[in-house]
Amino acid sequence: MKKGVLIFFSFLSFFKTFSQDIQTFDYELLGALVLESKQLISYKIQFNANKDGFIEGYSYTDLSGENETKSYIRGYYNSKKNDIQFKESDILYTKSTFLSSEFCFVNFKGKFRGNSNKKLLEGEFIGIYDDRDTCATGKIKLASIKFVEKKVQKAYKKIKKIKRVDSIVKEKIKPENYLKKFSETQIKPDEKVTVFVYSSKIKMEIWDYGKEDGDEITILQNNIPILPNYVVTKSKKKLYIDLVEGENFIKIITTNAGEIETNTTKLKLYAFRREYEIVSNLKEGESAIINIVKVNIPSKK
């Protein structure tokens, strides 16, 4: 969660899904952080719990927004009492322009309610800066992803019967299209995603995520071309990139959008036990940046 973020959204956007990981999780819930000021910030968690109740996973804040951020969560789940507690740490990526010292990490305690299909999670959270100062307080309200998907499908059935709603709008809010929009990290024109890694070298895979139609891209690292005028195909192109100290700006430019207006290229980064998948949706001439920052391995607290 970030300082000073203000989000307003409708019932449907309250239940956006966001899940990019290949890993299968025992628990996936989404909904919102509700600040004391009644402001809402979209929020999702996904985690696994071992036999002793220890949990590990991820949180996603401001889904598909300008401050979208993914962090680790670790904590404990008592399945007999349905009590859960976790705290965020160690940002994996963010679209935010805030400094690292301004990030407000969620510390949460709550309880599951309902059966497995309609499981709800509610509780109180405290937001804490790295210097241990409190930055926010409020509640978290989440629902299981299966329950949310059913709600979205039910809403769509009603909307598609309304004649005055444009067919293009209906197609956009079709459950599989609407939910897919938030099932991956998308990078938009002139947008920047900052990725934090521990290694001095990364592997990048590049392939056409949509229809293979002649999409052509150029990739630069700190304004130096490392993959010029490459025609993207379904076959994965592998790049090995040496990182310099400090920031590494990987710029993706669509030089030809192919037969379809928008270039749909997927990039996957591998770096010391971390994987990141990013989808670029860029028209011809548009560009976006992945800022790769090498950080030190955090010490265990």
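Residues numbered from 1 in each chain as written. Predicted model: local features only at pLDDT ≥ 70, side-chain atom pairs only at ≥ 80, totals over all residues. Heavy atoms only, no water.

**Here's the deal with the overall build of the protein chain**
Turning to step 1, where the next piece is worked out: The secondary structure content of the protein chain amounts to four helices and 18 strands.
Turning to step 2, where the next piece is worked out: Taken across its 301 residues, the protein chain has 48% of its residues classed as buried.
Turning to step 3, where the next piece is worked out: Taken as a whole, the protein chain presents about 15,900 Å² of accessible surface, with 50% of it coming from carbon and sulfur. (Helix = DSSP H or I, 4+ residues; strand = E, 2+ residues; numbered from the N terminus. Buried < 20%, exposed > 50% of the residue type's maximum accessible area, 1.4 Å probe, protein only. Areas by Shrake-Rupley, 256 points an atom, 1.4 Å probe, with all protein chains shown as cover.)

**Comments concerning the pattern of salt bridges**
Turning to step 1, where the next piece is worked out: This model, assessed by the stated rule, comprises twelve salt bridges.
Turning to step 2, where the next piece is worked out: Among the ionic pairs, E205 bridges to K236, the shortest N-O distance being 3.7 Å. Of this pair, E205 sits in strand β11 (residues 201-208) while K236 is found in the loop between β13 (224-231) and β14 (237-242), placing the two residues 31 residues apart along the sequence.
Turning to step 3, where the next piece is worked out: Given a relative accessible area of 6%, E205 falls into the buried group.
Turning to step 4, where the next piece is worked out: The closest approach of N and O atoms between E275 and K268, which form a salt bridge, is 3.4 Å.
Turning to step 5, where the next piece is worked out: Connected through salt bridges with shared partners, the residues K266, K268, E275 and E277 form a single ionic network. (Salt bridge = Lys/Arg side-chain N within 4 Å of Asp/Glu carboxyl O.)

**Re the sheet that holds strand β9 (residues 185-187)**
Turning to step 1, where the next piece is worked out: Taking strand neighbours across the sheet as the criterion, the five strands line up as β9-β17-β16-β11-β14 in an open arrangement whose pairing is mixed. Each edge of the open sheet carries a strand with a single partner, namely β9 and β14. Across the sheet, the mean angle from the axis of one strand to that of its neighbour is 30°, orientation sign disregarded.
Turning to step 2, where the next piece is worked out: The sheet contact formed by β9 and strand β17 (residues 274-283) spans three bridges and is parallel. (Pairing = 2+ DSSP bridges. Axes fitted to C-alpha atoms, helices over the stretch in contact; angles between N-to-C directions.)

**Looking at unusual backbone geometry**
Turning to step 1, where the next piece is worked out: Of note in the backbone geometry, D190 takes a positive phi value of approximately 65° without being a glycine.
Turning to step 2, where the next piece is worked out: Taking relative accessible area as the criterion, D190 reaches 72% and is therefore assigned exposed.

**Looking at the confidence of the model for the protein chain**
Turning to step 1, where the next piece is worked out: When pLDDT is averaged along the protein chain, the result is 81; 80% of the residues meet or exceed 70.
Turning to step 2, where the next piece is worked out: For the protein chain, the element scoring lowest by mean pLDDT is helix α1 (residues 11-14), at 37; strand β7 (residues 120-128) scores highest, at 95. (pLDDT = per-residue confidence, 0-100.)

**Quick look at the state of the cysteines**
Turning to step 1, where the next piece is worked out: Overall, the coordinates contain one disulfide when judged by the stated rule.
Turning to step 2, where the next piece is worked out: With its sulfur 1.7 Å from that of its partner, C104 forms a disulfide with C135. On the sign convention where negative is left-handed, the bridge of C104 and C135, at about 90° about the S-S bond, is right-handed. Taken together, the positions of C104 in the loop between β5 (83-94) and β6 (105-113) and C135 in strand β8 (residues 134-144) put the pair 31 residues apart, joining distant regions of the chain.
Turning to step 3, where the next piece is worked out: By relative accessible area, C135 is classed as partly exposed at 24%. (Disulfide = S-S within 2.5 Å.)

**As for the pairing of β13**
Turning to step 1, where the next piece is worked out: Here strand β12 (residues 216-221) runs beside β13; their pairing, made up of five bridges, is antiparallel. For I219, the partnering residue across the bridge sits in β13 and is L227.
Turning to step 2, where the next piece is worked out: If you look at the hairpin formed by β12 and β13, you'll find two residues sitting between the two strands, and N222 has a positive phi there, around 50°.

**Observations concerning the packing of aromatic side chains**
Turning to step 1, where the next piece is worked out: Tallied over the full model, the rule gives eight aromatic pairs.
Turning to step 2, where the next piece is worked out: A ring pair is formed by Y27 and Y77, whose centres lie 5.5 Å apart and whose planes are at 80°; its orientation type is edge-to-face. Placement of the pair is Y27 in strand β1 (residues 27-35) and Y77 in strand β4 (residues 69-78), with a sequence separation of 50 residues.
Turning to step 3, where the next piece is worked out: Residue Y77 is classed as buried on the basis of its relative accessible area, which comes to 5%.
Turning to step 4, where the next piece is worked out: Here the aromatic cluster, defined as three or more aromatic residues joined through ring pairs, consists of Y27, F47, Y77 and F112.
Turning to step 5, where the next piece is worked out: Sitting over the face of the ring of Y58, K70 holds its NZ or CZ atom 4.1 Å from the ring centroid. (Phe/Tyr/Trp six-rings, centres within 6.5 Å; stacked < 30°, edge-to-face > 60°. Lys NZ or Arg CZ within 6 Å of the ring centre and 35° of its normal.)

**What about the environment of Q46?**
Turning to step 1, where the next piece is worked out: Position of Q46 relative to the elements: it lies in strand β2 (residues 40-49).
Turning to step 2, where the next piece is worked out: Through-space distance from the C-alpha of Q46 to that of S59 is 6.6 Å; in sequence the pair is 13 residues apart.
Turning to step 3, where the next piece is worked out: Looking at Q46, its side chain comes within polar contact range of the side chain of E28, at 3.1 Å. (Polar contact = N/O pair within 3.5 Å; in protein donor to acceptor, adjacent residues only side chain to side chain.)

**Quick notes on the side chain of Q221**
Turning to step 1, where the next piece is worked out: With respect to the element layout, Q221 can be found in strand β12.
Turning to step 2, where the next piece is worked out: Given a relative accessible area of 12%, Q221 falls into the buried group.
Turning to step 3, where the next piece is worked out: Among the polar contacts listed, one links the side chain of Q221 to the backbone oxygen of D242, at a separation of 3.0 Å.

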